[in-house]
Amino acid sequence: MTTVAIVGSGISGLSTAVSLAEKGIRSVVLSPFPSERSQSVMAAGGINAVDEHDPLDSIEAHIEDTLSGGRYLAGYDAVKGLCSAAPGIIAQLERAGTVFTRNAQGGIDRRAFGGQRYKRTCYSGTATGKQIVSALVMACRRYEALGLIERRQWSDFHSALIKDGHCYGILVFDESTRELYPLYADAVVMAAGGQNALFGKTTGSTVCDGYAAGRLFMQGADLKNLEFIQYHPTTLETPQKKMLVSEAARGEGGRLFYEKAGRRIYFMEERYGDKGNLMPRDVISREMAGISEQVYLDVSFLGKDIIEHRLPEVQELCRKYRGIDITEEPIPVTPSVHFFMGGLAVDLNHETNIRELFAVGECASIYHGANRLGGNSLLAALYSGHTAAEAIAGRSYTGTHPDLTAYVSSEQEKLSQSFASESRFPVMYIRDLLAEHMQKQLGIVREKETLLDGIRDIEFYLDSVDRIHYDSSVLAYFNYSLKGLLVLAKATLLCAEARRESRGAHNRSDYPEEDPQMNCATIISYEDGAYRIHYDREGRYEH
Amino acid sequence: MNIKIKRQRYPGAESYWQTFVYTGSPENTVAGVLDELNYKDDITDINGEAAPRISWECSCLQGVCGACAMVINGKPALACETFVKDCRGETMTIEPLHKFPVIADLVVDRSVIQKNLRESGSYIKQYMNPEPEEYEHQYSTARCLKCGLCLEICPNYADGSRFYGEVFANDCYAIASKSGKDEVMTEAYDKHFAAGCSKSLSCMDVCPMRIPTLASMAKLNRGLKGGSGK
Ligand SMILES: Cc1cc2nc3c(=O)[nH]c(=O)nc-3n(C[C@H](O)[C@H](O)[C@H](O)COP(=O)(O)OP(=O)(O)OC[C@H]3O[C@@H](n4cnc5c(N)ncnc54)[C@H](O)[C@@H]3O)c2cc1C
Ligand code: FES
């Protein structure tokens, strides 16, 4: 019987597992914590799908908005697949028990989101991601009862079992038994989320770190578009993190401004007209980077009623963490790292350049080009799971694998040796320093000198990472993941330095214009310590 | 402020108390305090002794994932939405949830919650369109974080071997309201919830999502046997 290993239990991992099970294919879903703790539960705003009864909107319009929002870096065929599948995905979610918010006619309500011409963002109260996770977890239980899905907790990805460009499974570290064991599988699907830890605290989950992408890169997987990092323009600073103020606030009519000489300057409206506040995130964050005054988001004029009914989570967040009453006063906002358009390079089947190694959800790079539209990533997480499952179901597997025991035992040996080298060298402290460098050198606007400084800084840590002793006071995972993170950080800085133009979320003060020659994806690969960048002009991955 | 933490290095190890000094902002949450204590080059306790980093679980840091459930000043709560300024006294005590096995310090193994839901067959067997008047309560129950705070406070919940607690009752409702008649679930609800609940309702006081579990119970007891089939 075919067995698939899925790394990650957020929406994309669950979507893959359920789609496989529907086709009678067994999977093992691995993650350190259950789905309820994944970043997917944080998605509040919504998921895009054209309302087929809307006389104005169309699938073509959704495709065009997605492509233009991503500054034409994503492939047409890929985006067409995504947008065309969206209405069916919503219907399927409903059948799985997701309760979407209704309009007066009893249909699914849709709200306006940035960079989209029509209202096409479906939502579920203030907790769209959570409602979808709850429904998918329940669907998983059905297939668990049939023996088609197995969910394992306390399981961290260590590395893939790869030979001659073919993946045969993964090495899993079990935090509860402290064991590193091989899990052989006919196919492996990576669903490990974004690369948040590179930047310390982002709007998202502290569990998403990017290690899996870094490690697979070192094992031969291509990475793509790493320089495209989305800064969300509206986040609220609190002592513990920057919290997202949902785009729904601007969708409902919220206005951005700053004050100068006692006057409110509605800078987005002045520059872009009526729809200024609903421009794509990259555009607003770039504008904000050039403003030295505190920027505010005002929703107070919408009135208590609309705020309480349509934006209760924004109201609660601001009240709880900053004591701000948004019905009375504007919200001070700053941009923060929010989403990674880059990640593992995958083709239209969601397969990487390593055979039988797939990637889905935020850890895969596809559909979003140089900037993602709000509401498109939940859609991509679900659609990519279906697509990978479809591709796997269409293949026949022998269930055999070559002898990989030499690799397995050498990695086990390395890990147990590091366990023996007890020291209190602060692994977490280096993680923090890494984040500080990345925040500084990969801000909204970049330039050559700071990027080169960043590369030198990371190289300094990389030089000593193999000599760092084991810190037994933190999880083993934090110890062995450090090198993968540093390698990923260096690859990201190299891609940002190499792309000498400004496009979407990548802004270069030394190259402020978009270069028409550069409308192709950046691919970076790794061989024996050497990083190689090329541009995918042929559309090898996405077309 | 002194922060007194119940510590345990690994599963089965002896537990002990260790006190740290926190000098940061009272606007911070307990999660922020733990972060601040941990992320220094070296950490030392109130006596200046070197201490191992404090293990605790977090993910969202904004009260929507349930990772950081623990017992703060004797009360089960989420660390990321409990504020220093709201804690009275000179010393704040922090302990792991008592009803689950400790993995390390404040990290506990709550997998019994998932196990009970899995083994009792808690899933929609045959989907039926729900009655629109059920939407609101369905939405509310689907917000359950599976954080375990309700089980920690419940006078009837011990270790999940017989009585499954509030978390189970809400999932039973979610299933019943979206599916056809389900004898397996009805039986499981009677055996693992109805028979053991003494209606202290303390669970509702600590639920971070404020799920009105009483409504789930009432609806189930009234014999909600499924959707409209429309
Ligand atoms: C605050 C916020 C609001 C958002 N709102 C929206 C929105 O309204 N609409 C929208 O479309 N998108 C939104 N997004 C983006 C969207 O939520 C994510 O892109 C999407 O949920 C990603 O799903 P995923 O399954 O790829 O990853 P995740 O949900 O991040 O899941 C990753 C999984 O991988 C596991 N994992 C990580 N590392 C390892 C490892 N080394 N080993 C094993 N397992 C591992 C994790 O435990 C987790 O289970 C929002 C994001 C944030 C942060
Ligand atoms: S970290 Fe998610 S609830 Fe506290």
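In this text, all values refer to a predicted model and were calculated from it rather than measured experimentally. (Residues numbered from 1 in each chain as written. Chains lettered and ligands numbered in written order. Predicted model: local features only at pLDDT ≥ 70, side-chain atom pairs only at ≥ 80, totals over all residues. Heavy atoms only, no water.)

Some details on the nonpolar core
The tendency in soluble globular proteins is for nonpolar side chains to be buried side by side. If you look at the biggest cluster of nonpolar residues, it comprises 125 residues, and the most contacted ones within it are A:Ile47, A:Ile170, A:Met190 and A:Phe199. Residues within four places of A:Ile47 in sequence aside, it is in contact with A:Ile90, A:Leu93, A:Phe100, A:Arg120, A:Thr121, A:Cys122, A:Thr128, A:Gly375, A:Leu378, A:Leu379 and A:Leu382. (Core = buried A, V, L, I, M, F, W, Y, C linked by side-chain atoms within 4.5 Å. Buried < 20%, exposed > 50% of the residue type's maximum accessible area, 1.4 Å probe, protein only. Contact = heavy atoms within 4.5 Å.)

Some thoughts on the interface of chain A and chain B
Interfaces are frequently sized by the accessible area removed from exposure as the parts join. Of the residues lining the interface, 51 residues belong to chain A; the matching set on chain B comes to 60 residues. Linking chain A with chain B are 5 salt bridges, by the criterion used here. Across the pair A:Arg37 and B:Glu57 runs a salt bridge whose closest N-O atoms are separated by 3.7 Å. Between chain A and chain B we count 28 residue pairs in polar contact (both at pLDDT 80 or more) in total. Looking at the side of chain A that touches chain B, the elements with two or more residues in it are α3 (76-95), α4 (128-145), β13 (242-244), α10 (312-322) and α13 (427-441) of chain A. A total of 8 residues in the side of chain A that touches chain B trace back to one element, the largest contributor, which is α4(A). Classifying every residue of the side of chain A that touches chain B gives 20 nonpolar, 14 polar and 17 charged. (Salt bridge = Lys/Arg side-chain N within 4 Å of Asp/Glu carboxyl O. Polar contact = N/O pair within 3.5 Å; in protein donor to acceptor, adjacent residues only side chain to side chain. Helix = DSSP H or I, 4+ residues; strand = E, 2+ residues; numbered from the N terminus. Nonpolar A, V, L, I, M, F, W, Y, C, P; charged D, E, K, R; others polar.)

Points about the sheet that holds strand β11 (residues 223-224) of chain A
Residue and element names in this part refer to chain A. The 5 strands are arranged β20-β18-β11-β25-β26 in an open sheet whose pairing can be described as mixed. Because the sheet does not close on itself, it has two edges, and the strands there are β20 (364-365) and β26 (530-536). As paired strands, β11 and strand β25 (residues 521-527) are joined by 2 bridges and run antiparallel to one another. Within the sheet, the bridge partner assigned to leucine 223 lies in β25 and is isoleucine 524. Running at roughly 45° to β26, helix α16 (residues 482-498) makes contact with β11, β25 and β26 of the sheet. (Pairing = 2+ DSSP bridges. Axes fitted to C-alpha atoms, helices over the stretch in contact; angles between N-to-C directions.)

Digging into the pairing of strand β1 (residues 3-7) of chain A
All names here are of chain A. Of all 5 residues making up β1, 5 are buried, and the element is well covered by its neighbours. The alternating pattern of β1 places Thr3, Ala5 and Val7 on one face and Val4 and Ile6 on the opposite face, and all of these are buried. Relative to strand β2 (residues 26-30), β1 runs parallel, the two sharing 5 bridges. Across the sheet, valine 4 pairs through a bridge with serine 27, a residue of β2. Between the parallel pair β1 and β2, the chain is carried across by helix α1 (residues 11-22), and the sense of this crossover is right-handed. Sheet analysis places β1 next to strand β10 (residues 187-190), joined by 4 bridges and oriented parallel. Residue pairing for β10: valine 4 is matched across the bridge by alanine 187. (Right-handed = clockwise from strand over helix to strand, strands pointing away.)

Points about the domain arrangement of chain A
Residue and element names in this part refer to chain A. Examined at the domain level, chain A breaks down into domain 1 (3-228 + 341-393), domain 2 (233-336) and domain 3 (412-521). Relative to domain 3, the C-alpha centre of domain 1 lies at a distance of 24 Å. Counting residues at the interface gives 35 residues for domain 1, matched by 36 residues for domain 3. Three residues, Leu198, Phe199 and Glu227, lead the burial of domain 1 against domain 3; their summed loss comes to 24% of the area buried on that side. Ionic pairing is found between arginine 499 and glutamate 227, a salt bridge with its closest N-O pair at 2.7 Å. One can count 11 residue pairs in polar contact (both at pLDDT 80 or more) joining domain 1 with domain 3. Elements supplying a minimum of two residues to the side of domain 1 that touches domain 3: β7 (155-163), β9 (179-184), α5 (211-218) and β11. No other element matches α5, which puts 6 residues into the side of domain 1 that touches domain 3. Residue classes in the side of domain 1 that touches domain 3 are distributed as 19 nonpolar, 7 polar and 9 charged. (Domains from an automatic or database assignment. Buried area = accessible area lost by both parts, 1.4 Å probe.)

Topic: the site of ligand 1
All names here are of chain A. Surrounding ligand 1, one finds 38 residues, the nearest of these being Ser12, Ser40, Glu362, Ser377 and Leu378. Interatomic distance of 2.9 Å between a backbone N/O atom of serine 9 and an oxygen atom of ligand 1. Residue assignment for the shell around ligand 1 shows that the elements contributing at least two residues are α1, β7, β17 (331-340) and α11 (376-393). In terms of residue class, the shell around ligand 1 is built from 16 nonpolar, 19 polar and 3 charged. (Near = heavy atom within 4 Å.)

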